[in-house]
Amino acid sequence: MSTELLRQWFDEFNANVKDTSQQWYDKYKDTYNTVEDYRQKIKQGHQLNAQQDLDFLELLLKNDKNGVASKGQSNIANTVFEEIIQDKTFIALVQALIEYPNAENYKDFDVYGGELLNKLGSTKRPLLFNRACASCTLAVSTVVDKKKFEVLVTFLEKQNIMKLPDGYKNKNWFE
């Protein structure tokens, strides 16, 4: 496949979905701005609470219409959602990721969240964690499926459209 053909397809796609992409971007921006509002509250001493902040936690962790990325295979049962938001360590990690969306906080959130879901009898839902992280910072990809992201990056590199700097090939999704 030539890069010119890829560019042509992108231009055609972009022309056909301008309204849809604007709607997506507006939803994504709304979600990011809501997270930003919570970041400011947290920096002023607010502590996330499952009852008080239920709507926000649903937006961040459960709502596939939040504009960031669809849940895909990462939807969780309502009962599991209710349990994870009651877990104090999990909520503390969500709060840390919101306040400081960096690779270390993402890793802690991802690892503990996966262990918690496993303990609750649910499989790990990496898209759920990546999508939540992408709500907290504009510095990561909203292609939250790690395998799809890697396929995209590999294709773009092979087509000489982009080149990852040395040392990035073995990094995690956040990095």
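Residues numbered from 1 in each chain as written. Predicted model: local features only at pLDDT ≥ 70, side-chain atom pairs only at ≥ 80, totals over all residues. Heavy atoms only, no water.

### Focus: the confidence of the model for the protein chain
Step number 1: Looking at the protein chain, pLDDT values average 80 and 69% of them are 70 or higher.
Step number 2: Put simply, helix H1 (residues 3-16) is where the protein chain has its lowest mean pLDDT, 67, and helix H5 (residues 88-99) is where it has its highest, 97. (pLDDT = per-residue confidence, 0-100. Helix = DSSP H or I, 4+ residues; strand = E, 2+ residues; numbered from the N terminus.)

### Notes on the packing of aromatic side chains
Step number 1: According to the stated counting rule, one finds 3 aromatic pairs in the structure shown.
Step number 2: Pairing Phe 109 with Phe 129 gives two aromatic rings, centres 5.2 Å apart and planes at 90°, and the pair type is edge-to-face. Taken together, the residues span a long stretch of sequence, with Phe 109 in helix H6 (residues 103-119) and Phe 129 in helix H7 (residues 126-136) at a distance of 20 residues. Per residue, the accessibility class of Phe 109 equals that of Phe 129, and both read buried.
Step number 3: Put simply, the rings of Phe 90, Phe 109 and Phe 129 touch in pairs and so form one group of aromatic residues.
Step number 4: The aromatic ring of Tyr 38 is capped on one face by Lys 41, whose charged end is 4.3 Å from the ring centroid. (Phe/Tyr/Trp six-rings, centres within 6.5 Å; stacked < 30°, edge-to-face > 60°. Buried < 20%, exposed > 50% of the residue type's maximum accessible area, 1.4 Å probe, protein only. Lys NZ or Arg CZ within 6 Å of the ring centre and 35° of its normal.)

### Digging into the side chain of Ser 122
Step number 1: Position of Ser 122 relative to the elements: it lies in the loop between H6 and H7.
Step number 2: Those residues in contact with Ser 122 that sit more than four places away from it in its chain are Val 80 and Leu 117. (Contact = heavy atoms within 4.5 Å.)

### Topic: the pattern of salt bridges
Step number 1: Taken as a whole and assessed by the stated rule, the structure comprises 1 salt bridge.
Step number 2: As a salt-bridge pair, Arg 39 and Glu 36 come within 2.8 Å of each other at their nearest N and O atoms. Taken together, the residues Arg 39 and Glu 36, both in helix H2 (residues 18-43) and 3 residues apart, mark about one turn of the helix.
Step number 3: A relative accessible area of 6% means that Arg 39 is categorised as buried.
Step number 4: Classification of Glu 36 as partly exposed rests on a relative accessible area of 23%. (Salt bridge = Lys/Arg side-chain N within 4 Å of Asp/Glu carboxyl O.)

### With respect to the nonpolar core
Soluble globular proteins tend to bury their nonpolar side chains together.
Step number 1: The biggest cluster of nonpolar side chains holds 29 residues, and the ones touching the most others in it are Leu 48, Leu 57, Leu 60, Leu 61, Phe 90, Ile 98 and Phe 109.
Step number 2: Secondary structure elements with two or more residues in this core: H2, helix H3 (54-61), helix H4 (78-84), H5, H6 and H7.
Step number 3: It is H5 that contributes the most residues to this core, 6 residues altogether.
Step number 4: Residues contacting Leu 48, with those up to four places away along its chain left out, are Tyr 38, Ile 42, Asp 53, Phe 56, Leu 57, Ile 91, Val 94, Gln 95 and Ile 98. (Core = buried A, V, L, I, M, F, W, Y, C linked by side-chain atoms within 4.5 Å.)

### Here we look at a negative patch on the surface
Step number 1: A contiguous patch of negative charge on the surface is contributed by Asp 55, Glu 58, Glu 82 and Glu 83.
Step number 2: Of all the elements in the fold, those that place two or more residues in the negative patch are H3 and H4.
Step number 3: Here Glu 58 lies in helix H3. (Patch = residues over 30% accessible without salt bridge, like charges linked within 9 Å, V, L, I, M, F, W, Y side chains within 5 Å. Areas by Shrake-Rupley, 256 points an atom, 1.4 Å probe, with all protein chains shown as cover. Lys, Arg positive; Asp, Glu negative; His and termini not counted. Charge placed at Lys NZ, Arg CZ, Asp CG, Glu CD.)

### Structural notes on the side chain of Gln 95
Step number 1: Mapping Gln 95 onto the fold places it in helix H5.
Step number 2: Given the relative accessible area of 10%, Gln 95 is considered buried.
Step number 3: The contacts of Gln 95, once residues within four sequence positions are left out, are Ile 42, His 46, Gln 47 and Leu 48.

### Here's the deal with the packing of H5 against H6
Step number 1: As a packed pair, H5 and H6 sit with axes 9 Å apart at the nearest point and diverge in direction by 155°. Relative to H6, H5 is oriented roughly antiparallel. By crossing handedness, the relation of H5 to H6 is classed as left-handed. Where H5 approaches H6, its residues Thr 89, Phe 90, Leu 93, Val 94, Ala 96 and Leu 97 are matched on the opposing element by Asn 105, Tyr 106, Asp 108, Phe 109, Tyr 112, Gly 113 and Leu 116. (Axes fitted to C-alpha atoms, helices over the stretch in contact; angles between N-to-C directions. Parallel < 35°, antiparallel > 145°, perpendicular 65-115°, else oblique. Left-handed = near helix turned anticlockwise from the far one by under 90°.)

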